[in-house]
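Each chain is listed here by its residues.
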Amino acid sequence: MTDDVTAPARRRDARRNRELLTEAAHEVFTEQGLEAPLDVIARRAGVGNATLYRHFPSRAALVEAVFRDPLAGTMAAGERARAATDPWEGLVGYLEAVFAVLATDRGTNDLMTTHIEGVESLQAVHAHNRTTMELLLRRGRDEGSIRADVTAEDVLFALAALGRAVPSLATAVGPDAWRRPLTLLLAGLRASPAAAPLPAPALTADELGDVLQGLGPHRAPRSSSG
């Protein structure tokens, strides 16, 4: 009888601990990025490391739980961009939505600008992002608003490279400081009779993946507990 009574209580405690851990992880990842020590997350949640690992046996599992819904928001922004009547306006609106998040959330910044293994929802977002870019660029090239030699890899590389600097820019200058470099990036994508051909071949999809792998989170390494 005692077991029958205490089992629901244990399940409630387990659910509550999981909620506390995901809330704390979101806060810490947002502040410090995905390389934040896991013991910091456990302390902020008010539980022990063993409880954290019981719920999330790997960092990837915790990242998946924390960012599944926010990443879905990025995909929704992509869907709005795809539905835009004007492909240029769709591209501008999409990149503005992405950069607004990159500037304020270091965890999402790590996810969107690097390659991280084992996070299934992230793979879906990267695939959706690529398809969105390819569609908007193709439509823009067809109507003459985007230069003919720009590829999706060009834009995704620029997004990752510039996006990595956006949190520091926001801290040093202000939350909307990313708008200036993004405007310069967009100007480089515009079709212009005076534009010189782009030098060197465009990145392949595999080469872009290698670049993103190398960009990895560049803050302090994890502690032994992470």
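Summarised in this report is the structure supplied together with it. (Residues numbered from 1 in each chain as written. Predicted model: local features only at pLDDT ≥ 70, side-chain atom pairs only at ≥ 80, totals over all residues. Heavy atoms only, no water.)

### Considering the overall build of the protein
So, step 1. Across its full length, the protein holds ten helices and zero strands.
So, step 2. Ordered by position in the sequence, the α and β elements of the protein form the string α-α-α-α-α-α-α-α-α-α.
So, step 3. Seen along its three principal axes, the alpha-carbon backbone of the protein occupies a region of about 80 × 35 × 35 Å.
So, step 4. If you take every contact in the protein between residues at least 6 apart in sequence, the share linking residues at least 24 apart comes to 74%.
So, step 5. Here the protein displays about 11600 Å² of accessible surface, and carbon together with sulfur accounts for 55% of that area.
So, step 6. Side-chain charges of the protein comprise 25 positive and 29 negative groups, with the mean position of each set lying 4 Å from the other. (Helix = DSSP H or I, 4+ residues; strand = E, 2+ residues; numbered from the N terminus. Contact = heavy atoms within 4.5 Å. Areas by Shrake-Rupley, 256 points an atom, 1.4 Å probe, with all protein chains shown as cover. Lys, Arg positive; Asp, Glu negative; His and termini not counted. Charge placed at Lys NZ, Arg CZ, Asp CG, Glu CD.)

### Topic: unusual backbone geometry
So, step 1. Located in the positive-phi region is Ala200, a residue other than glycine, with phi close to 65°.
So, step 2. Relative to the elements of secondary structure, Ala200 occurs in the loop between α9 (179-189) and α10 (205-215).
So, step 3. Relative accessible area serves as the criterion here: at 64%, Ala200 is assigned to the exposed category. (Buried < 20%, exposed > 50% of the residue type's maximum accessible area, 1.4 Å probe, protein only.)

### Quick notes on a negative patch on the surface
So, step 1. Taken together, the side chains of Asp86, Glu89, Asp142 and Glu143 define an acidic patch exposed on the protein surface.
So, step 2. Of note, Asp142 is situated in helix α7 (residues 120-143).
So, step 3. Assessed through its relative accessible area of 65%, Asp142 is described here as exposed. (Patch = residues over 30% accessible without salt bridge, like charges linked within 9 Å, V, L, I, M, F, W, Y side chains within 5 Å. Salt bridge = Lys/Arg side-chain N within 4 Å of Asp/Glu carboxyl O.)

### Let's talk about the layout of surface pockets
So, step 1. Put simply, the largest pocket is a space of about 290 Å³.
So, step 2. Lining the largest pocket are 15 residues; nearest its centre among them are His115, His126, Arg130, Leu208 and Leu212.
So, step 3. Put simply, the parts of the chain that give the lining of the largest pocket at least two residues each are α6 (106-113), α7, α8 (152-172) and α10.
So, step 4. Take the lining of the largest pocket: its biggest share by element is five residues, from α7. (1 Å grid on protein atoms, 1.4 Å probe; cavity = no way out; pocket = protein on both sides within 12 Å on 5 of 7 lines; lining within 4 Å. Points joined across faces, edges and corners; volume = space filled by probe spheres on them.)

### Description of the nonpolar core
So, step 1. Core analysis: the largest hydrophobic core is formed by 58 residues, its most contacted members being Phe29, Ile41, Leu62, Phe67, Leu91, Leu111 and Met133.
So, step 2. When residues no more than four places from it in sequence are discounted, the contact partners of Phe67 are His26, Phe29, Leu34, Asp105, Gly107, Thr108 and Leu111. (Core = buried A, V, L, I, M, F, W, Y, C linked by side-chain atoms within 4.5 Å.)

### Examining the side chain of His128
So, step 1. Looking at where His128 falls in the secondary structure, it is placed in helix α7.
So, step 2. Under the relative-accessibility criterion, His128 is labelled buried at 11%.
So, step 3. If near-sequence neighbours (up to four positions away) are discounted, His128 is found in contact with Met75, Gly78, Glu79 and Arg82.

### Quick look at the packing of helix α4 (residues 59-83) against helix α5 (residues 87-102)
So, step 1. At a closest axis distance of 8 Å, the pairing of α4 and α5 adopts a crossing angle of 165°. Our classification of the angle between α4 and α5 gives roughly antiparallel. The chirality of how α4 crosses α5 is right-handed. For the pair formed by α4 and α5, the contact residues are Thr74, Ala77, Gly78 and Ala81 on the first element and Gly90, Tyr94 and Ala97 on the second.
So, step 2. Its residues assigned to classes, the contact of α4 with α5 comprises four nonpolar, three polar and no charged. (Axes fitted to C-alpha atoms, helices over the stretch in contact; angles between N-to-C directions. Parallel < 35°, antiparallel > 145°, perpendicular 65-115°, else oblique. Left-handed = near helix turned anticlockwise from the far one by under 90°. Nonpolar A, V, L, I, M, F, W, Y, C, P; charged D, E, K, R; others polar.)

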